[in-house]
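A look at the structure
So you can see what is in the structure, the chains are spelled out below.
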Amino acid sequence: MLDYDNENIFSKILRGEIPCDKVYEDEKVLAFNDIAPQAPVHILVIPKGSYVSIDDFAVKANPQEQVAFFAAISKIVHDKGLTEKGFRCIANTGDHGGQEVPHFHMHILGGGPVGPMVLGQD
Ligand code: AMP
């Protein structure tokens, strides 16, 4: 696993060096609209702590951070009205997972059918 890079773009957003279109924030979690949405609703949820990936977060984050992260996802999907029709959460991880930004983030995609789970599948 890579070491955490303090210069990654989400770290800069957390430090306020780059703006974001904020959807939700609490002491441990920030969520904002993806800059290149792949669905009518496309939100990124990130922990405020410095974790490279979902695995890094699962191993190193304390229980309060982990509970806060999933509670934030729940609040967001309810607030955005996504629970009735459904939505998809994706955590791209590492090279094979196509992760571009090395700060753990969960994509929430919804607001319409989000297509096959993996590109190229029917
Ligand atoms: P991933 O491939 O899972 O690492 O996804 C990174 C996501 O971050 C992509 O969907 C990008 O569109 C999104 N992204 C990159 N820079 C920004 C930014 N400044 N604000 C919001 N979303 C961003």
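Going by the structure above, here's the rest.
Residues numbered from 1 in each chain as written. Predicted model: local features only at pLDDT ≥ 70, side-chain atom pairs only at ≥ 80, totals over all residues. Heavy atoms only, no water.

Another point: the overall build of the protein chain. On a plain count of helices and strands, the protein chain comes out with 4 helices and 5 strands. Sequence-ordered secondary structure for the protein chain, helices as α and strands as β, is α-β-β-β-α-α-β-α-β. A compact globule built from 122 residues should have a C-alpha radius of gyration of about 14 Å, and the protein chain, at 14 Å, falls within 12% of that. In terms of principal-axis extent, the alpha carbons of the protein chain reach across some 35 × 30 × 30 Å. Counting contacts in the protein chain only where the partners sit at least 6 residues apart, residues at least 24 apart contribute 54% of the total. Of the accessible surface of the protein chain, which amounts to about 7400 Å², a share of 53% is contributed by carbon and sulfur atoms. Where the 10 positive side-chain charges of the protein chain centre and where its 17 negative ones centre are 6 Å apart. (Helix = DSSP H or I, 4+ residues; strand = E, 2+ residues; numbered from the N terminus. Rg over C-alpha atoms; globule rule 2.2 N^0.38 Å. Contact = heavy atoms within 4.5 Å. Areas by Shrake-Rupley, 256 points an atom, 1.4 Å probe, with all protein chains shown as cover. Lys, Arg positive; Asp, Glu negative; His and termini not counted. Charge placed at Lys NZ, Arg CZ, Asp CG, Glu CD.)

Of note, Ser 11 is situated in helix α1 (residues 9-14). Here the side chain of Ser 11 touches Arg 15 through a polar contact of 2.8 Å, side chain to side chain. What Ser 11 contacts, discounting residues up to four positions off in sequence, is Tyr 4, Asp 5 and Asn 6. (Polar contact = N/O pair within 3.5 Å; in protein donor to acceptor, adjacent residues only side chain to side chain.)

Two strands pair when backbone bridges link them, and strand β1 (residues 22-25) and strand β2 (residues 29-33) are joined in this way by 3 bridges, in the antiparallel orientation. Paired with Tyr 24 across the two strands is Ala 31, which belongs to β2. Between β1 and β2, which pair antiparallel one after the other, the connecting turn spans 3 residues. (Pairing = 2+ DSSP bridges.)

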